[in-house]
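Observations on chain architecture
Here are the chains, one letter per residue:
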Amino acid sequence: QVQLVESGGGLVQPGGSLRLSCAASGSIFSIMAWYRQAPGKQRELVASITSGGSTSYADSVKGRFTISRDNAKDTVNLQMNSLKPEDTAVYYCNAKKIFVNQYYWGQGTQVTVSA
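Residues numbered from 1 in each chain as written. Predicted model: local features only at pLDDT ≥ 70, side-chain atom pairs only at ≥ 80, totals over all residues. Heavy atoms only, no water.

1. Topic: the environment of I31
With respect to the helices and strands, I31 occurs in strand β4 (residues 29-37). Classification of I31 as partly exposed rests on a relative accessible area of 36%. Residues I31 and G10 lie 21 residues apart in sequence; the distance between their C-alpha atoms is 25 Å. Ignoring sequence-local partners within four residues, the contact set of I31 consists of S48, I49, T50, R69, N94, A95 and K96. (Helix = DSSP H or I, 4+ residues; strand = E, 2+ residues; numbered from the N terminus. Buried < 20%, exposed > 50% of the residue type's maximum accessible area, 1.4 Å probe, protein only. Contact = heavy atoms within 4.5 Å.)

Here it is as structure tokens:
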């Protein structure tokens with residue numbers, strides 16, 4: 001049984017920080033990523049990381065967000081600094097099962113950036 005459990009969302013003021021975590025279990029995953037979806041908008045890729053540690057970021061978050069992965073624990077984190085109101089969205093963890101085109105989603109966690 002594959003399960004992705006997210007935590008860390010909440011309300012923060014502009015310029016503040018939050019750290020999101022996603023614990024994956026039930027399989028081995030080659031790529032893990034964070035997506036976000038704001039009201040009325042399409043879901044977009046925020047950051048991704050491979051099992052080897054290669055990372056990729058959306059231009060809008062470069063220099064502010066950092067994705068990391070603990071392969072032993074199969075946990076992926078997203079450190080979010082200098083948060084802006086436009087970062088407000090539901091953030092979703094996503095994981096790709098190794099060797100096959102099979103993807104799994106977490107339940108999502110709300111991040112609200114507001115004064």
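2. Structural notes on unusual backbone geometry
Positive phi values are uncommon outside glycine, yet S82 reaches one of about 50°. On the accessibility criterion, S82 (40% relative accessible area) is partly exposed. Positive phi, normally seen in glycine, also occurs at F99, with a value near 75°. Topologically, F99 is positioned in the loop between β9 (89-97) and β10 (103-105). By relative accessible area, which is 78% here, F99 ends up exposed.

3. Some thoughts on the sheet that holds strand β8 (residues 75-80)
The sheet built from four strands is open, its strands ordered β1-β3-β8-β7 with antiparallel pairing. The sheet terminates laterally at β1 (3-7) and β7 (65-70), the two strands that pair on one side only. Sheet twist, expressed as the mean angle between neighbouring strand axes with direction ignored, is 15°. Inspection of the sheet shows β1 paired to strand β3 (residues 18-25) by five bridges, in the antiparallel sense. Paired with E6 across the strands is C22, a residue of β3. (Pairing = 2+ DSSP bridges. Axes fitted to C-alpha atoms, helices over the stretch in contact; angles between N-to-C directions.)

4. Structural notes on the state of the cysteines
If you walk through the whole model with that rule in mind, you get one disulfide. Here C22 connects covalently by a disulfide to C93, the sulfurs 2.1 Å from one another. Here C22 and C93 share a disulfide; its torsion about the S-S bond, -85°, makes the bridge left-handed. Note that C22 is positioned in strand β3 and C93 in strand β9, a separation of 71 residues in sequence. Of the residues examined, C22 reaches a relative accessible area of 0% and is grouped as buried. (Disulfide = S-S within 2.5 Å.)

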